[in-house]
Amino acid sequence: MSNPLSDLEKADVYFCIGTNMTEAHPVAATRMKKALARGSKLIVADPRLIKLAELADLYLPLRVGTDVALLLGMAHVIARENLIAHQFVAEKTTGIDEYIEHVKKFTPEWAEEITGVPAKDIEKAAIMYASADKASIYYTLGITEHICGVDNVQSLSNLALMTGHLGREGCGINPLRGQNNIQGAGDAGAAPSDYPGYQNVNKPENRDKFQKLYGRALDAERGITKVTALDRCGDGIHAFLIDGENTLISDPNREHTEHALKQLDHLVVIDIFLTETAQMADVVLPAASWAEVDGTLTNTERRIQRVRAAVTPPGEAKPDWWILSALANAMSIPGFEYDSAKEVFNELCNVAPIYAGVDWDMIDDGQYQWPVPYKGHPGTPRLHEDGFSHGKALFRVIGYRDPAEVVDDEYPVWLTTGRRLQNYHTRTQTGRSAGIEYLAPEEYLEVNPDNVAKWGLTDGGWAKVTSRRGEVKIKVKSTPRSPKGTVFASFSFAETPVNMLTGSGYDPNTHTAELKVCTVRVEPA
Amino acid sequence: MTMQDIRELPLIDLGVKKTRTICGYCGVGCSVDVLSKDNRIIGIQPAMDGPANLGALCVKGQFAFDYVHHPDRLKHPLVRRADGKLHETTWDEAIQVAADGFRNVAQKYGRESIYGVASGRTPTEADYLMQKFIRAGFGTHNIDNCSRA
């Protein structure tokens, strides 16, 4: 997030797109609701009539996968109505002329045809967002889990840049991260493109630095993504070490994932339960859980916070840092002589400039948000306040593309997937919690009432959902939350493996799967 | 008395331990106090002074903690033996089998044939060591985390 969570209480206008905030990030939504109660305005763009949409002053029910078209239509209106923040644009950005020329073609009427959102509402949204003093954008995986995920994000960035809604309180572009430490995983360099602290692997000076630190030659080229690695299992990739991910259930196209993992010579899984993925492993190493470890987590607003052990792990389970160190030591990899999480964190602070100003003893109260470039620096709650780190921000010229699959006679229904309030991801944790089991014991397919009747389904009855990749039997729930022609389910339940159906395509840049769109056939079962 | 004052009253000493930590679910990073007794979690309280949540907490964060003590928790390392099944073993053997497997694959197919997947659910230290294991161990950047799915 460019801005701190406290800014959720400070905007005049909120533009929430592709975020089911009240279910996936309930506490963030609670903070925004305070501002709404004081009169701030909310625009929600989402294919489903989610709870957040019910709170909205303006709801834009776009067809799945058409975000770029909606955002182009809005940009057209902002340019046409001359709501551009000229001073901000002149001082801090580059490429506006070409961009304005580009968006001239994309009228709200053009966008209506693709998105299904009335042109009048697209105009209203654009004017509301652009003319507010403080307007902020919030998004989640509804923006990124598309073949055009990068285009979606850059389209949002264009809107924020042309209106100057960046680098100020109550503004910004704010992705809400889904996992408690997905930010920290990226910060720590667990990515094929970056050393710790987002130091690009392609830069020779970074390579030199880490070759010295780690005492060995390192490749000059970036590695492959997990998606590519799974594609190459048995053909170039022959061993996986997986820590705390139930890949088999969480990833798209389960059949493909299962086949891939079976091709491996060696699979080692570190986890707290014998997940579906761990069941396939050659070696399973038992980890201490969240309540049993000391360590750090970095949240969605880049805040570095301490987790502390409250209880001891069961049996012989060990903290991940201990397990990985033991494994490295057994392989004689140098530099793994750690006695505590503190030593590991302090090493990260030494090698990652964004963490350079903190150490383990400074983060007890979680008061630092990175970048903290040097000791004595107060941290950076809000990014871009003094301009952009790489000079001027660039407007990106982006066109609309259809999703990887579009409905046809054989697969005439859109399927979109997501989360529900009570369950978390693949239910490794929430599936073993009595209260949650009581609240939300099974998955169901949300179908518009008109479609329930038309497709011969019954509310509470069973449906067979078929895509080009597989089929799933699932209970039907008749609800106006789903628009006509679009159905929804979460992927949380192993017994209703909705990711058998997904996996139609990937963003070519990030390899993020288009989990938010695929086409299916729905029949009574 | 405000709600905050009430929450800050000292607990009557029933042997309940209060541990300030961060919720283990989504990326908002709510501060919580874990209440435990006799090495078991008995409750979770939202922290009124948590910078991300200011005392708020959701249904998962407040109530879905019993998985920590679930009987399904892995308590011992497991290795797959000749019968094709996973069997409990010692740490020494499990680490040895895991290490030998990576060593053999690296010898047979090259150092590029090994891939590491770090977690968005573990502390940052685990993610840092996972990338260091791959980079320092094999010299590649064949490392990713679960942010793409």
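Computed from a prediction, not measured in an experiment: that's the story for all the values here. (Residues numbered from 1 in each chain as written. Chains lettered and ligands numbered in written order. Predicted model: local features only at pLDDT ≥ 70, side-chain atom pairs only at ≥ 80, totals over all residues. Heavy atoms only, no water.)

### Comments concerning the overall build of chain A
So, point 1. Within chain A, the secondary structure is distributed over 19 helices and 20 strands.
So, point 2. Compactness check: chain A gives a C-alpha radius of gyration of 24 Å against a globular reference of 24 Å for 525 residues, within 12% of the reference.
So, point 3. In terms of overall dimensions, chain A has a C-alpha envelope of 65 × 60 × 45 Å along the principal axes.
So, point 4. Counting every position in chain A, which comprises 525 residues, the buried fraction comes to 63%.
So, point 5. At a minimum sequence separation of 6, the contacts of chain A that also span at least 24 residues come to 69%.
So, point 6. In the structure as shown, chain A presents an accessible area of about 18,700 Å², 49% of it carried by carbon and sulfur atoms.
So, point 7. In chain A, the 54 positive side-chain charges and the 70 negative ones have mean positions that sit 4 Å from each other. (Helix = DSSP H or I, 4+ residues; strand = E, 2+ residues; numbered from the N terminus. Rg over C-alpha atoms; globule rule 2.2 N^0.38 Å. Buried < 20%, exposed > 50% of the residue type's maximum accessible area, 1.4 Å probe, protein only. Contact = heavy atoms within 4.5 Å. Areas by Shrake-Rupley, 256 points an atom, 1.4 Å probe, with all protein chains shown as cover. Lys, Arg positive; Asp, Glu negative; His and termini not counted. Charge placed at Lys NZ, Arg CZ, Asp CG, Glu CD.)

### Re the layout of surface pockets
Residues and elements named next belong to chain A.
So, point 1. Roughly 300 Å³ of volume is contained in the second largest pocket.
So, point 2. If you trace the second largest pocket, you find 16 residues lining it, with E23, R420, Q422, Y444 and E446 closest to the centre.
So, point 3. Within the residue set of the lining of the second largest pocket, elements represented by two or more residues are α1 (21-24) and β16 (444-447).
So, point 4. Across the lining of the second largest pocket, the residue classes break down as five nonpolar, three polar and eight charged. (1 Å grid on protein atoms, 1.4 Å probe; cavity = no way out; pocket = protein on both sides within 12 Å on 5 of 7 lines; lining within 4 Å. Points joined across faces, edges and corners; volume = space filled by probe spheres on them. Nonpolar A, V, L, I, M, F, W, Y, C, P; charged D, E, K, R; others polar.)

### A look at the nonpolar core
So, point 1. By size, the foremost hydrophobic cluster in this structure holds 106 residues, and its most contacted members are Y14(A), W290(A), Y355(A), F102(B) and F133(B).
So, point 2. Y14(A) has contacts with D7(A), L8(A), E9(A), M32(A), A35(A), L36(A), S40(A), K41(A), L42(A), I43(A), S136(A) and Y138(A), leaving out every residue within four places of it along the chain.
So, point 3. Among the nonpolar cores identified, the runner-up in size contains 50 residues, and L71(A), L72(A), A160(A) and F388(A) belong to it. (Core = buried A, V, L, I, M, F, W, Y, C linked by side-chain atoms within 4.5 Å.)

### Details of the sheet that holds strand β10 (residues 266-271) of chain A
So, point 1. Ordered in space as β5(B)-β4(B)-β11(A)-β10(A)-β9(A)-β6(B)-β7(B), the seven strands form an open sheet in which the pairing is mixed. One side of each edge strand has no neighbouring strand; the edge strands of this open sheet are β5 (86-88) and β7 (143-145) of chain B. Across the sheet, the mean angle from the axis of one strand to that of its neighbour is 15 degrees, orientation sign disregarded.
So, point 2. Pairing of strand β4 (residues 78-80) of chain B with β5(B), which is carried by three bridges, proceeds in the antiparallel orientation. (Pairing = 2+ DSSP bridges. Axes fitted to C-alpha atoms, helices over the stretch in contact; angles between N-to-C directions.)

### Quick notes on the domain arrangement of chain A
Residues and elements named next belong to chain A.
So, point 1. Each assigned domain of chain A is listed here: domain 1 (5-176) and domain 2 (413-524).
So, point 2. Inter-centroid distance (C-alpha atoms) of domain 1 to domain 2 is 27 Å.
So, point 3. Tallying the contact residues gives 22 residues for domain 1 and 23 residues for domain 2.
So, point 4. Summed over both partners, the interface of domain 1 with domain 2 comes to about 1,900 Å²; 57% of that surface belongs to carbon and sulfur atoms.
So, point 5. Three residues stand out in domain 1 for area buried against domain 2, namely R48, E145 and I147, and they jointly supply 36% of the buried area on that side.
So, point 6. At the junction of domain 1 and domain 2, the tally comes to three salt bridges. (Domains from an automatic or database assignment. Buried area = accessible area lost by both parts, 1.4 Å probe. Salt bridge = Lys/Arg side-chain N within 4 Å of Asp/Glu carboxyl O.)

### Some details on the packing of helix α7 (residues 108-115) of chain A against helix α8 (residues 119-131) of chain A
Residues and elements named next belong to chain A.
So, point 1. For the pair α7 and α8, interaxial distance at closest approach is 8 Å and the crossing angle is 115 degrees. Here the hand of the crossing between α7 and α8 comes out right-handed. Between α7 and α8, the residues in contact are P108, E109, A111, E112 and T115 and A119, I122 and E123, respectively.
So, point 2. Split by residue class, the contact of α7 with α8 holds four nonpolar, one polar and three charged. (Left-handed = near helix turned anticlockwise from the far one by under 90°.)

### Quick word on the pattern of salt bridges
So, point 1. By the definition in use, this model includes 45 salt bridges over all chains.
So, point 2. Salt bridges sharing partners connect three or more residues here, namely R48(A), R420(A), E443(A) and E446(A).

### So, the interface of chain A and chain B
So, point 1. Every contact between the two is made by 142 residues of chain A and, on the other side, 99 residues of chain B.
So, point 2. Carbon and sulfur atoms make up 63% of the area that chain A and chain B hide from each other, which totals about 10,000 Å².
So, point 3. Per-residue buried area on chain A facing chain B is highest for V27(A), W290(A) and M331(A); these three make up 7% of the total on that side.
So, point 4. Where chain A meets chain B, there are five salt bridges.
So, point 5. Two residues, R73(B) and E292(A), come together in a salt bridge whose shortest N-O distance is 2.9 Å.
So, point 6. Here chain A is connected to chain B by 69 residue pairs in polar contact (both at pLDDT 80 or more).
So, point 7. Looking at which element gives the most residues to the side of chain A that touches chain B, the answer is helix α16 (residues 320-330) of chain A, with 10 residues.
So, point 8. Partitioning the side of chain A that touches chain B into residue classes produces 73 nonpolar, 39 polar and 30 charged.
So, point 9. One ladder, built from two bridges, connects strand β11 (residues 283-286) of chain A with β4(B); its direction is antiparallel. (Polar contact = N/O pair within 3.5 Å; in protein donor to acceptor, adjacent residues only side chain to side chain.)

### Side note on the environment of F102(B)
So, point 1. Note that F102(B) resides in helix α3 (residues 91-109).
So, point 2. Separated by 11 residues in the primary sequence, F102(B) and S113(B) have C-alpha atoms spaced 9.3 Å apart.
So, point 3. Filtering out sequence-adjacent residues up to four positions away, F102(B) remains in contact with A239(A), F240(A), L241(A), H266(A), V268(A), L327(A), M331(A), I114(B), F133(B) and F138(B).

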